[in-house]
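Structural description and commentary
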Amino acid sequence: MIHVEKLTKFYGSFCAVDQIDLDVSRGEITGLLGPNGAGKTTTLRMLTGYLAPTSGTIRINDLSIDDDALAVKKLIGYLPESAPLYHNMLVYDYLDYVAGIRGMQSRRKAERIHELADLCGLSGIMHKTVGELSKGLKQRVGLAHAMMEDPQILILDEPTSGLDPNQIVEIRDIIRRIGREKTVILSTHILSEAEAACDRIVIIDKGRIAADGSTESLKQGSGGEHTIHLSLLGADFEEASRAIGAIDGVSRVERVEGANVDELRLRIFAGGPDRLREKIYACVKATDWIMVELTQEGKSLEKIFRDLTREV
Amino acid sequence: MTRTFKIFAKELRDYFVSPIAYIVICIFLLITGWFFFSTFFIYNQANLRTFFTLLPVVFSFVIPAVTMRLFAEELHSGSYEMLLTLPVKLSDVVVGKFLAGAAFASLMLVPTLSYAVSISFIGDLDWGPVAGGYLGAVLLGAAYSAVGVFASSLTRNQIVAFITGMVICFSLTLFDKIAIFFPAAIVGVFTQIAAGYHFENISKGILDTRDVLYFFSVIFVFLYGAHLVMQEKR
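Residues numbered from 1 in each chain as written. Chains lettered and ligands numbered in written order. Predicted model: local features only at pLDDT ≥ 70, side-chain atom pairs only at ≥ 80, totals over all residues. Heavy atoms only, no water.

1. Thoughts on the interface of chain B and chain A
Facing the 22 residues of chain B at the interface are 29 residues of chain A. Each partner contributes to the roughly 2,500 Å² buried at the junction of chain B and chain A, and carbon and sulfur atoms together form 63% of this total. If you sort the residues of chain B by the area they bury against chain A, Glu81(B), Met82(B) and Arg234(B) come out on top, with a joint share of 32%. Remark: the boundary between chain B and chain A carries 2 salt bridges. For Arg13(B), the salt bridge is made with Asp93(A), and the minimal N-O distance between the two is 3.4 Å. (Contact = heavy atoms within 4.5 Å. Buried area = accessible area lost by both parts, 1.4 Å probe. Salt bridge = Lys/Arg side-chain N within 4 Å of Asp/Glu carboxyl O.)

Given below as C-alpha cells:
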C-alpha cells in the first residue's frame, strides 16, 4: 500500500530524515515512535506530499507522489499536529468547505457530514465557531476533516497530544474503529499510546529507523535480562534468596520492601533460559512457604525505547 | 476549476464575516471621497479625473492591507498544511486567493459609482472616460492584488507582508512620476513598467491593448512568483 525507499530530507545542512525504508500494508495501524525532533513529523509530511523529499521515493498504491500528486492526495486523509483549522469558520461550514474541495456532490456531502458528526461526536457543536472549541473537540473536527472522503490511508500526527485522559481514550477508540478497514499511520512519543493503539511500531531516532516490528516481537526480540516477581508467605529472606539464588539461570535476587510485613516480596533477575518459572515453582513447592505471586515482567516498551534512543 | 472556485469563495466570504472588509472599505471611501470632493467644486468640471488620478496611490496601501493575510495568516496558523494536503494543486490555491483579493478590490469600487451618478445630475458627464477609468481601476486592483499575494507568500508575518506589498505597489505607481531623475536612456523603460502610466492611459478613455496586456503581465509575473515561493517552501 505504502512503499517508501531511501527517503531523505535535509533542512539546509541538517538531516531530519536519513534514508528511511518503510513498507506499510493495507489494514495495518502503524505507530511512528520517537523522541522529539526524531523526524516523525517530517516523515509524515513527506508521505502526505506537503514536503518534498530531498531524495528517495514514495509510492502509494503504486502511484508516485510526484507525478500523481492529486490522485495520491485523494487517497490520504491527514491530520497535522494540533489540528490547525480555520478559526473563524463554523464547524459545519468548515466540513462543507473541505467536502467541496474534495469534489463531493451536494447530497453526498450532507450525508457524509452527518455520518462523520456521529462517528466523531460532533453533532452538538456543528453551529459553533472552530476557534471557540476546546483542544479535544478541535482534534475531533480535525479527524472528521481527515476522514471526509473515506480515505484508504489515514495519517495522524500526534493525534492525542495535549488531550485529557478521557479525550485520549475517545480518540484512541475512534482510531481503533477506523483501523479495522483502513491503513493508519500515527506518530506519537507516548509509549503506552503506541502500545495501546498500534499493530506495528516503528521507532525512529535521529532520522533513522531504530526498530520495526509488532509490539510483541519488539518486546521478545530484544532478549537480554528479564525480571520475575515472586511473593511468599512464611518465608525468611536469607533462606529464600539462598534457595532461589541456587537455581540455574538466576543472576541476582533482591528484596522489595512492601507494606505487608508477613509477605516476602522478591525481585529475581534472570539471565535468559526459559522455563525458569517452573524451576522456581518446584523450588518453592519443596518447602512449606506459600506462594502468592509469581509473574514474569516482559521487557517493557519503555525500556526498549530508552535503550534504542539513548544519547551515546 | 471547482477547487479554485471553492477557495475563491471561501476567501472572499472570510473578508465579509470579519470586520476587516468593512473597515477597509470605509477607509478607502473616506480618503477617496474627501480628496475628490474637496477640490471638485474648485475645478468646477463634471468629470472624475481627480478621483482616478488619486486611485493608484490609495490602492497602493489599501490593497496590500486587504491581501496581506491571504498566505501569511495560513502559514502562521499552520492551516496551510491542512489546505495543501487536501487534493488541490498549488496553482488552485494561488489563483483562488488572488481572485478573492481582486474581487474584493472591485467590490470596493462599487460604492464610488455614486460619485459618477451624482455628478451626472449636476453637470454634463462624459461617460466614456468614466467607463475607461473603472475598467482601468479593476485591472489595477487585480494587478496590485497579485503583488499582494506575492508579498503575502514571502512571510508568515502579516505586517511584513503588508509593508512589502505596499513598497512594490508604490514603486509601480510612482515609477513614471520620478522618471526625470533617471538617465534619459532608461526613462522609457521605467515609464513602461509603471502601473501609473498605463492606468492613466486607460482612464483617459483610450483602450490600448498594450496597457491591458501590461496589467495581465503584472498579474502573471507576481502570481508565478508566489507559486515559485510556495513551491520552494516544500
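There is more to say after this.
2. Description of the side chain of Thr30(A)
Residues and elements named next belong to chain A. Secondary-structure assignment places Thr30 in strand β3 (residues 29-33). By relative accessible area, which is 1% here, Thr30 ends up buried. Ignoring any residue separated from it by four or fewer positions in sequence, one finds Thr30 in contact with Val24, Val184, Ile185, Leu186, Cys198, Arg200 and Val202. (Helix = DSSP H or I, 4+ residues; strand = E, 2+ residues; numbered from the N terminus. Buried < 20%, exposed > 50% of the residue type's maximum accessible area, 1.4 Å probe, protein only.)

3. Description of the sheet that holds strand β13 (residues 263-270) of chain A
All names here are of chain A. Ordered in space as β12-β13-β11-β14, the 4 strands form an open sheet in which the pairing is antiparallel. Only two strands of the sheet have a single partner each, and these edge strands are β12 (250-256) and β14 (290-297). Direction aside, neighbouring strands of the sheet carry axes that sit 20° apart on average. Pairing of strand β11 (residues 226-233) with β13 involves 8 bridges; the strand directions are antiparallel. Bridge pairing links His226 to Ala270 in β13. Packing against the sheet, helix α9 (residues 237-245) makes contact with β11, β12 and β13, and its axis sits at approximately 160° to β12. (Pairing = 2+ DSSP bridges. Axes fitted to C-alpha atoms, helices over the stretch in contact; angles between N-to-C directions.)

4. Quick look at the packing of aromatic side chains
Overall, the coordinates contain 26 aromatic pairs over all chains when judged by the stated rule. Between Tyr50(A) and Tyr80(B), the aromatic rings sit 6.1 Å apart at their centres with planes inclined by 65°, giving edge-to-face as the arrangement. Of this pair, Tyr50(A) sits in the loop between α1 (40-47) and β4 (55-60) while Tyr80(B) is found in helix α5 (residues 79-84), placing the two residues in two different chains. Aromatic side chains Phe36(B) and Tyr115(B) sit 5.7 Å apart centroid to centroid with 25° between the ring planes, which places their arrangement in the stacked category. Of this pair, Phe36(B) sits in helix α2 (residues 20-43) while Tyr115(B) sits in helix α7 (residues 113-122), and the two are 79 residues apart along the sequence. By relative accessible area, which is 0% here, Phe36(B) ends up buried. With relative accessibility at 10%, the residue Tyr115(B) sits in the buried group. Cluster of aromatic residues (ring-pair linked, three or more members): Phe36(B), Phe37(B), Phe40(B), Phe41(B), Phe51(B), Phe52(B), Tyr115(B), Tyr134(B) and Phe199(B). Positioned over the ring face of Tyr97(A) is Lys10(B), at 5.9 Å from the centre of the ring. The side chain of Lys97(B) reaches across the aromatic face of Phe71(B), ending 5.4 Å from its centre. (Phe/Tyr/Trp six-rings, centres within 6.5 Å; stacked < 30°, edge-to-face > 60°. Lys NZ or Arg CZ within 6 Å of the ring centre and 35° of its normal.)

Shape is all these values report; function is a separate question.
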